Amino acid sequence: MRFLHTMVRVSDIDDSLAFYCGALGLKEVRRTENSTGKFTLIFLAAPGDSEAVDKHAPLVELTHNWNQEIYTGGRNFGHIALEVPDIYAQCQRLVDHDVEIRRPPRDGKMAFVRSPDGISIELLQAGAPLPPAEPWQSMPNSGTW
């Protein structure tokens, strides 16, 4: 068995790509438009995995159904977990893209944000936790994560 991808339904491709690629830093590696089924599939890889896509690196599949639909209950999905080399730098990048940090990395190890469609994204520091640092250490949780 091997992990292939996680599929997330998205309501707006541009908003979703701004979040997943622009703010989070994933890279688009493949896109399929299906006019018969009226959907678009966009596959994303983490920067460290983008060269390994041929070797079956895990991907995030964004599914956009052309018939507009409102998606609710994103928390029911659970979350996507991504390992990052510097959790503080990643959180700052997200803040710079106007993404709210729902659970700040007070412990230097873990943070949570949400996509435009309410999908919970867990960020985990690679290796040992970073030493506690401001502004993250004193930042409170916000909403649900």
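1. Side note on the pairing of strand E5 (residues 79–84)
Side chains of E5 alternate between two faces, with Ile80, Leu82 and Val84 buried and His79, Ala81 and Glu83 left unburied. Bridge count for E5 against strand E7 (residues 120–125) is six bridges, and the pairing is parallel. Within the sheet, the bridge partner assigned to glutamate 83 lies in E7 and is leucine 124.

2. Quick word on the sheet that holds strand E3 (residues 39–45)
Across the sheet, four strands lie side by side as E1-E4-E3-E2; this open sheet has mixed pairing. Edge positions in the open sheet fall to strand E1 (5–9) and strand E2 (27–34), since each of these has one partner strand only. Going across the sheet, the axis of each strand differs from the next one's by a mean of 20°, ignoring polarity. Sheet topology note: the E2/E3 ladder contains seven bridges and is antiparallel. In the strand pairing of E3, glutamate 33 is matched with threonine 40.

3. Thoughts on the nonpolar core
Ranked by internal contacts, the top residues of the largest apolar core, which has 29 residues, are Tyr20, Leu44, Leu62, Leu94, Ile121 and Leu123. With six residues, helix H1 (residues 13–23) is the single largest residue contributor to this core. Once residues lying within four places of it in the same chain are set aside, the contact partners of tyrosine 20 are Val8, Gly25, Leu26, Leu44, Leu62, Ser115, Ile119 and Ile121. By size, the runner-up hydrophobic cluster in this structure holds five residues, among which are Leu41, Phe43, Ala45 and Val53.

Analysis parameters
Residues numbered from 1 in each chain as written. Predicted model: local features only at pLDDT ≥ 70, side-chain atom pairs only at ≥ 80, totals over all residues. Heavy atoms only, no water. Buried < 20%, exposed > 50% of the residue type's maximum accessible area, 1.4 Å probe, protein only. Helix = DSSP H or I, 4+ residues; strand = E, 2+ residues; numbered from the N terminus. Pairing = 2+ DSSP bridges. Axes fitted to C-alpha atoms, helices over the stretch in contact; angles between N-to-C directions. Core = buried A, V, L, I, M, F, W, Y, C linked by side-chain atoms within 4.5 Å. Contact = heavy atoms within 4.5 Å.

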